[in-house]
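Architecture and fold: a report
For reference, the chains in residue letters:
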Amino acid sequence: MSSSGRPAVGFRAELVAVVASVGEDGPAVLASGDPLQLPAGELRADHDSLQEGVRVFAAEQTGHTLGYVEQLYTFADLGRGDGTGRVISISYLGLTRADITAAEWAGAYTLLPWEDRRSVGTDQALVDDLARWVRGVRGAAREAREERREHLFGTGSMPWRPELALQRYELLWEAGIVAESPRAKQVRAESGVAMLHDHRRIVATGLSRLRSALQYRPVVFELMPPTFTLGQLQDVVEAIAGQDVHKQNFRRLVEQQHQLVEPTGDLSHGTGGRPARRYRFRREVFAERAQVGTKLPIPRGR
């Protein structure tokens, strides 16, 4: 019993890794089990740092070596775990180049389908469900809900902001539209594949951070082969952002950034058209990754 007279709540701490890569259909994360869950492990005393710990357990559990690693958030909300106590989840985002066709990979847009707007916008059924949630209250509360919906889902005059993936998931959770929400009743297929506890929330956090990082750090090179065409680079950027990027503006901007990429002198003949120049990231980018931004044109709306 605690000094306040309330029963003490048991808790445990664990590392959770969003190990991400990119394939033809978009970004994917390592996840397994039923329900799907991210690689996770308890903190160990023999790790010099949390970042070392996540690298070690990710390699042990998944066999993948992480390149870029960044701490996300520490989650400790009651009611988002297994009901046996408070779980303190220290989450990390790690990037790797991998073949994501294996069963151990789950598409980020299978988990968060509303985040992929390259072909169409948010599914209309999801939009309708959110509209009903907005109409579920009156007065100032309704206005506040409508403002959040417009801001996060880019409706009305508001632009779509790719980096707000976490906030969109949280809104859908609050509205009872995703299966993990205690308010969920009938869950549509359009709301994506559910995950264990709050792991899908952590995936949304990782996607938000990755999309934001594209605009101020050259993290995209962690997901590219050693040499590539600008078309391949654009495909990866669009897959991560979940939005189309204007081709000529993209190429002009990348070619102007001499500190980011350099031509190899080789041509690619596999594009189906004219041979395309091949590029590589400058070696200095590896040393400057924390200082040099990609400055890639991530659009704010359609």
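**Overview of the pattern of salt bridges**
Opposite charge on two side chains makes pairing possible when the charged atoms of those side chains draw close. The final tally for this structure, using the stated rule, is 13 salt bridges. Here Glu 115 makes a salt bridge to Arg 168, at a shortest N to O gap of 2.7 Å. Taken together, the positions of Glu 115 in the loop between helix H2 (108-111) and helix H3 (124-134) and Arg 168 in helix H5 (residues 165-174) put the pair 53 residues apart, joining distant regions of the chain. Classification of Arg 168 by relative accessible area gives buried; the value is 0%. The closest approach of N and O atoms between Glu 115 and Arg 211, which form a salt bridge, is 2.6 Å. Of this pair, Glu 115 sits in the loop between H2 and H3 while Arg 211 sits in helix H6 (residues 199-213), placing them 96 residues apart in sequence.

**Quick notes on unusual backbone geometry**
The amide bond that connects Asp 34 to the next residue, Pro 35, takes the cis arrangement and shows omega of 5 degrees. In this structure, Pro 35 sits in the loop between strand S2 (26-30) and strand S3 (40-42). One non-glycine residue, His 197, lies in positive phi territory at about 50 degrees. The class of His 197 is partly exposed, set by a relative accessible area of 29%.

**Here's the deal with the nonpolar core**
If you look at the biggest cluster of nonpolar residues, it comprises 62 residues, and the most contacted ones within it are Leu 233 and Phe 281. Residues in contact with Phe 281, not counting those within four places in the same chain, are Val 220, Phe 221, Met 224, Phe 228, Leu 233, Leu 260 and Val 261. Counting residues in hydrophobic clusters, the runner-up holds 14 residues, among them Ala 28, Leu 30, Val 54 and Trp 105.

**Here we look at empty space enclosed by the protein**
Tallied over the entire structure, the rule returns one cavity of 30 Å³ or more. Approximately 60 Å³ is the volume found for the largest cavity. For the largest cavity, the full set of lining residues is Val 18, Ala 20, Pro 27, Val 29, Leu 93, Ala 108, Val 203, Gly 206, Leu 207 and Leu 210. Going through the elements one at a time, strand S1 (11-23), S2 and H6 are the ones with two or more residues in the lining of the largest cavity. Per-element accounting of the lining of the largest cavity gives the leading share, four residues, to H6.

**Focus on the packing of aromatic side chains**
Overall, the coordinates contain four aromatic pairs when judged by the stated rule. On the numbers, 6.3 Å between centres and 65 degrees between planes, the contact of Phe 153 with Trp 160 is edge-to-face. With respect to class, Phe 153 is no different from Trp 160; both count as buried. Three or more aromatic residues joined by ring pairs make a cluster, and in this case those are Phe 221, Phe 228 and Phe 281. Over the ring of Trp 160 we find Arg 117, and its NZ or CZ is 4.0 Å from the ring centre. Over the ring of Trp 160 we find Arg 168, and its NZ or CZ is 3.8 Å from the ring centre.

**A word on the confidence of the model for the chain**
Interpreting fine coordinate detail is not advised for predicted regions of low pLDDT. Scored by pLDDT, the chain comes out at a mean of 83, with 84% of its residues at no less than 70. Across the chain, the secondary-structure element scoring lowest on mean pLDDT is helix H9 (residues 283-288), at 63, and the one scoring highest is H5, at 97. Low pLDDT (under 50) marks residues 290-294, which in the prediction has 19 contacts with non-local residues, meaning those over four places away or in another chain.

**As for the packing of helix H7 (residues 230-241) against helix H8 (residues 247-256)**
For the pair H7 and H8, the least separation of the axes is 11 Å and the interaxial angle reads 110 degrees. Here H8 runs roughly perpendicular to H7, going by the angle between their axes. Contact with H7, carried on its side by Leu 230, Gly 231, Leu 233, Gln 234 and Val 237, involves Lys 247, Phe 250, Arg 251, Val 254 and Glu 255 of H8 and no other residues of that element. Across the contact of H7 with H8, the residue classes break down as five nonpolar, two polar and three charged.

**Here we look at the packing of H3 against helix H4 (residues 139-153)**
Direction vectors running N to C along H3 and H4 enclose 155 degrees, while the axes themselves pass 9 Å from each other. In terms of orientation, H3 lies roughly antiparallel with respect to H4. From H3, Val 127, Leu 130, Ala 131, Trp 133 and Val 134 reach across to H4, where they touch Arg 142, Arg 145, Glu 146, Arg 148, Arg 149 and Phe 153. In terms of residue class, the contact of H3 with H4 is made up of six nonpolar, no polar and five charged.

**Points about the sheet that holds strand S8 (residues 261-268)**
Reading across from one edge, S7-S9-S8 is the order of the three strands in this open sheet, with antiparallel pairing throughout. The strands lining the two open edges of the sheet, one partner per strand, are strand S7 (228-229) and S8. Two strands pair when backbone bridges link them, and S7 and strand S9 (residues 276-281) are joined in this way by two bridges, in the antiparallel orientation. Paired with Thr 229 across the two strands is Arg 278, which belongs to S9.

Rules behind the numbers
- Residues numbered from 1 in each chain as written.
- Predicted model: local features only at pLDDT ≥ 70, side-chain atom pairs only at ≥ 80, totals over all residues.
- Heavy atoms only, no water.
- Salt bridge = Lys/Arg side-chain N within 4 Å of Asp/Glu carboxyl O.
- Helix = DSSP H or I, 4+ residues; strand = E, 2+ residues; numbered from the N terminus.
- Buried < 20%, exposed > 50% of the residue type's maximum accessible area, 1.4 Å probe, protein only.
- Core = buried A, V, L, I, M, F, W, Y, C linked by side-chain atoms within 4.5 Å.
- Contact = heavy atoms within 4.5 Å.
- 1 Å grid on protein atoms, 1.4 Å probe; cavity = no way out; pocket = protein on both sides within 12 Å on 5 of 7 lines; lining within 4 Å.
- Points joined across faces, edges and corners; volume = space filled by probe spheres on them.
- Phe/Tyr/Trp six-rings, centres within 6.5 Å; stacked < 30°, edge-to-face > 60°.
- Lys NZ or Arg CZ within 6 Å of the ring centre and 35° of its normal.
- pLDDT = per-residue confidence, 0-100.
- Axes fitted to C-alpha atoms, helices over the stretch in contact; angles between N-to-C directions.
- Parallel < 35°, antiparallel > 145°, perpendicular 65-115°, else oblique.
- Nonpolar A, V, L, I, M, F, W, Y, C, P; charged D, E, K, R; others polar.
- Pairing = 2+ DSSP bridges.

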